[in-house]
Number of protein chains: 2
Amino acid sequence: MTVDTAELARRLIDGDRRTLARSITLVESTRADRRAEAAALLDAVLPATGGSVRVGISGTPGAGKSTFVDELGSRLTATGHRVAVLAVDPSSRRSGGSIMGDKTRMERLARDPAAFIRPSPSGGTLGGVARRTREAAFLCEAAGFDVVLIETVGVGQSETVVADMVDCFVLLAAPGGGDELQGIKRGIMELADVIVVNKADGDLLPAAQRAVADHRHAAHLMRPKHPGWTVPVLAVSALEGTGIDEVWTEVERFEAHLRDGGGLDRLRSEQAVAWMWAEMQERLLDAFRRDERVAKRLADAEAAVRAGRLSPTTAAHELLAAHGLADRDED
Amino acid sequence: MTVDTAELARRLIDGDRRTLARSITLVESTRADRRAEAAALLDAVLPATGGSVRVGISGTPGAGKSTFVDELGSRLTATGHRVAVLAVDPSSRRSGGSIMGDKTRMERLARDPAAFIRPSPSGGTLGGVARRTREAAFLCEAAGFDVVLIETVGVGQSETVVADMVDCFVLLAAPGGGDELQGIKRGIMELADVIVVNKADGDLLPAAQRAVADHRHAAHLMRPKHPGWTVPVLAVSALEGTGIDEVWTEVERFEAHLRDGGGLDRLRSEQAVAWMWAEMQERLLDAFRRDERVAKRLADAEAAVRAGRLSPTTAAHELLAAHGLADRDED
């Protein structure tokens, strides 16, 4: 470890905001040498991590997520918490930046000295964005933030990667008009530990109440993610400020439920190991795709398989053989 | 292609049952040389595949799957179909065989000349079982079977792999007593294209009807897997023989819905390409795990990550470096 990294680690654990920002920039670097420094920094502060409540917040488009996070975050800092807000948005471009984690949309939190907001890392693969966000979350914890909120919108598999890096996954949606919720992707309902129906005010109040009733009913038809936890469904109005405290109460109740019996440690351990494997799998596949011998055959192989002219097994074996991997007997 | 493979292919396409059984045994082999022959056979018959309705049937324990498949299959052969029944059961052992695809539990179908029942391939990894089952399905199609039913029970990810190799995924469950269905794993409800509540007879009839009503209601709260398809929920009694025809009517309606607009071809093409990538990914990860340099470090690395002593990124990089994969700049 260079002297620089040790110093960076010291200041980070001291809670210095500028150091936190610099450190996150470091882990976001795509250069191999910077990433080695980032890895050294993370190793140095690892013992100081783990001390936050990690909450994922997935907001469907139109759900009012920025207003909700601004409201929730402000209440948390008002009661003495230090709140970090990160984001996973694989659609963000380097030059444009992400809409999420956009300080102009979280007006109070952006000015709050006990809060720290960081836009999503830019572009690349979802796996790359996920890695950088996990690492940023660790850095925030090392710097003393005791609540880490990780936002996402419904892009591709981004909800799944966020669910894999948090303790509690909160789904935020607006009423659709009937009793359905707007824009919930298939599979996302079952990721949620808490469901929040926003915009329970004005004209939408009756629809919000219907949606809450229906989703409470549906929630008990499903086997829970965690034994003994029935997913609560709450109505809030981020605009009017109602129901927000109740959401946090549910998050805390969930954390306590998980902690009871060692479930939180188990969850975080499993997430860490899964992350290790995800990293290795991604790099192996990446090296395979970049292999010149594979790359020049890949498009044709895919087209032939897609058209039913080539069996997937044969295609796979030919590409692997080109990469130097011979067939072997299975166990 | 050896003369043997060409002859095998000819007899298979002719519809010879013994050849089909021999061919499936060939694709189930773990020997690298036999698998090369199997691949050659599949390539030879590939143009003769694709001509069946592929239906996955996932039955939770106690759902009465064998009786249901026996009843459904018998009605299909009585109306002129040729029905193959395969199974994905990763828990089956080489010596013991699988409970599923057990001919003693499907009495009529086991004696039916227009039906072909094959137990799940044994043991190994779920990916290996999945590959063999897909290939067996192709062989059945080449041999002229126009309905292929692939059973699974709720073991690990077996429902997901079956959903990835069929057109229509049918979830079969028994009533729980309230309005819930017994034993539905999280995530499985959203895989289903058709939900069948079995045992709608005798004492369980009221519970079955409640379960149907509730799941119909819940089904429309979710965004469908396929645009325009609301998951139908039906009550049946495989024992009394009621509701079975209606299930097949729904399967046919689903196929027609998919076919309309080219959705079926698209689905099968995507499945084939995904299969190719799954094969490559599994082999790459397998070669990595077997690398002596990785194997001797892996257990310690996992334990350290699990205990929070080593960051997942650092652990991944160390193991990849041991495998010979250097860090590189990202895009």
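Scroll up a little and you will see the structure.
Residues numbered from 1 in each chain as written. Chains lettered and ligands numbered in written order. Predicted model: local features only at pLDDT ≥ 70, side-chain atom pairs only at ≥ 80, totals over all residues. Heavy atoms only, no water.

> Quick rundown of the overall build of chain A? Include the residues and the values.
Each helix and strand in chain A was counted, giving 12 helices and seven strands. Against the compact-globule benchmark of 20 Å for 331 residues, chain A has a radius of gyration of 22 Å, which places it among compact chains. The long-range share in chain A, meaning contacts at least 24 apart out of those at least 6 apart in sequence, stands at 74%. Of the side chains in chain A, 42 bear a positive and 49 a negative charge, and the two mean positions are spaced by 5 Å. (Helix = DSSP H or I, 4+ residues; strand = E, 2+ residues; numbered from the N terminus. Rg over C-alpha atoms; globule rule 2.2 N^0.38 Å. Contact = heavy atoms within 4.5 Å. Lys, Arg positive; Asp, Glu negative; His and termini not counted. Charge placed at Lys NZ, Arg CZ, Asp CG, Glu CD.)

> Tell me about the pairing of strand E1 (residues 53-59) of chain A, residues and numbers included.
Regular strands have side chains that alternate between both faces of the sheet. All names here are of chain A. Among the seven residues in E1, seven count as buried, and that is most of the element. Going residue by residue along E1, you find Val-53, Val-55, Ile-57 and Gly-59 tucked away on one face and Arg-54, Gly-56 and Ser-58 tucked away on the opposite face as well. The pairing of E1 with strand E4 (residues 147-152) spans six bridges and is parallel. Counterpart to Ser-58 in the pairing with E4 is Thr-152. When E1 meets strand E5 (residues 168-173), the two strands line up parallel, connected through five bridges. Following the sheet pairing, Ser-58 is matched in E5 by Leu-171. (Buried < 20%, exposed > 50% of the residue type's maximum accessible area, 1.4 Å probe, protein only. Pairing = 2+ DSSP bridges.)

> Which residues make up the sheet that holds strand E5 (residues 168-173) of chain B, and what values go with them?
Residues and elements named next belong to chain B. Pairing is parallel in the open sheet, where seven strands are placed in the order E3-E2-E4-E1-E5-E6-E7. Each edge of the open sheet carries a strand with a single partner, namely strand E3 (115-117) and strand E7 (233-235). Neighbouring strand axes in the sheet, compared pairwise and without regard to direction, differ in orientation by 20° on average. (Axes fitted to C-alpha atoms, helices over the stretch in contact; angles between N-to-C directions.)

> Please provide a residue-by-residue account of the interface of chain A and chain B, values included.
Taken together, the contact between chain A and chain B spans 76 residues of the former and 76 residues of the latter. Counting each side, the surface lost to burial between chain A and chain B is near 7,000 Å², with a carbon and sulfur contribution of 56%. Linking chain A with chain B are zero salt bridges. At the junction of chain A with chain B, the criterion picks out 12 residue pairs in polar contact (both at pLDDT 80 or more). Tallied by class, residues from the side of chain A that touches chain B come to 33 nonpolar, 14 polar and 29 charged. (Buried area = accessible area lost by both parts, 1.4 Å probe. Salt bridge = Lys/Arg side-chain N within 4 Å of Asp/Glu carboxyl O. Polar contact = N/O pair within 3.5 Å; in protein donor to acceptor, adjacent residues only side chain to side chain. Nonpolar A, V, L, I, M, F, W, Y, C, P; charged D, E, K, R; others polar.)

> Got a sec to walk through the environment of Met-165 of chain B? Specific residues and values, please.
Residues and elements named next belong to chain B. Relative to the helices and strands, Met-165 is located in the loop between helix H7 (158-163) and E5. With a relative accessible area of 5%, Met-165 lands in the buried category. Sequence separation of Met-165 and Asp-43 is 122 residues, and the distance between their C-alpha atoms is 18 Å. Contact partners of Met-165, with chain neighbours within four places excluded, come to Arg-54, Val-88, Ala-130, Thr-133, Arg-134, Ile-150 and Gln-271.

> Give me the lowdown on the pattern of salt bridges, citing residues and values where you can.
Taken as a whole and judged by the stated rule, the model has 42 salt bridges over all chains. The salt bridge partner of Lys-65 of chain A is Glu-151 of chain A, with a shortest N-O separation of 2.8 Å. Within this pair, whereas Lys-65 of chain A is found in helix H4 (residues 65-78), its partner Glu-151 of chain A is found in strand E4, the two being separated by 86 residues in sequence. For the pair Lys-65 of chain A and Glu-151 of chain A, one class covers both residues: buried. For the salt bridge of Asp-245 of chain B with Arg-75 of chain B, the shortest nitrogen-to-oxygen distance reads 3.0 Å. With Asp-245 of chain B in helix H9 (residues 244-259) and Arg-75 of chain B in helix H4 (residues 65-78), this pair connects stretches of sequence that are 170 residues apart.

> Give me the lowdown on the packing of aromatic side chains, citing residues and values where you can.
Throughout the structure, instances matching the rule amount to six aromatic pairs over all chains. Here the aromatic rings of Trp-229 of chain A and Phe-254 of chain A are separated by 5.1 Å at their centres, their planes lie at 75°, and the arrangement is edge-to-face. Here Phe-254 of chain A lies in helix H9 (residues 244-259) and Trp-229 of chain A lies in the loop between helix H8 (205-219) and strand E7 (233-235), a separation of 25 residues in the sequence. In this pair, the class of Trp-229 of chain A matches that of Phe-254 of chain A, namely buried. For the cation-ring pair, Arg-82 of chain B lies above Phe-145 of chain B, with the distance from its terminal atom to the ring centre recorded as 4.3 Å. (Phe/Tyr/Trp six-rings, centres within 6.5 Å; stacked < 30°, edge-to-face > 60°. Lys NZ or Arg CZ within 6 Å of the ring centre and 35° of its normal.)

> Go over the relation of the copies chain A and chain B with me, naming the residues and quoting the values.
With an RMSD of 0.0 Å, the fit of chain A onto chain B corresponds to turning through 180° and sliding 0.0 Å along the axis. When the rotation and shift are considered jointly, the pair of chain copies conforms to a two-fold rotation axis. Measuring from the rotation axis to each C-alpha of chain A, the shortest distance belongs to Ala-218 of chain A, at 2.9 Å. When the interface residues of chain A are mapped onto chain B, 100% of them again lie at the interface, so the same face is used by both copies. (Least-squares fit on C-alpha atoms with pLDDT ≥ 70 in both.)

> I'd like a description of the layout of surface pockets, backed by residues and values.
Quantified by volume, the second largest pocket comes out at close to 480 Å³. If you go around the second largest pocket, you meet 28 residues; those closest to its centre are Gly-50, Arg-54, Phe-138 and Arg-268 of chain A together with Gly-308 of chain B. Of all the elements in the fold, those that place two or more residues in the lining of the second largest pocket are helix H6 (126-142) and helix H10 (263-290) of chain A together with helix H11 (292-306) of chain B. The greatest single-element share of the lining of the second largest pocket, amounting to eight residues, is contributed by H10 of chain A. Looking at side-chain class alone, the lining of the second largest pocket contains 13 nonpolar, nine polar and six charged residues. (1 Å grid on protein atoms, 1.4 Å probe; cavity = no way out; pocket = protein on both sides within 12 Å on 5 of 7 lines; lining within 4 Å. Points joined across faces, edges and corners; volume = space filled by probe spheres on them.)

> Run through the sheet that holds E4 of chain A, naming residues and quoting values.
Note: strands within a sheet are paired through backbone hydrogen bonds, in either parallel or antiparallel orientation. Residue and element names in this part refer to chain A. An order of E3-E2-E4-E1-E5-E6-E7 is seen for the seven strands of this open sheet, with the pairing classed as parallel. The open sheet has two free edges, formed respectively by strand E3 (115-117) and E7, since each of these has just one partner strand. Neighbouring strand axes in the sheet, compared pairwise and without regard to direction, differ in orientation by 20° on average. When strand E6 (residues 194-197) meets E7, the two strands line up parallel, connected through three bridges. Its bridge partner being in E7, Val-197 is matched across the sheet by Ala-235. Sheet strands in contact with H6 are E1, strand E2 (83-88), E3 and E4, and its direction is about 175° off that of E2.

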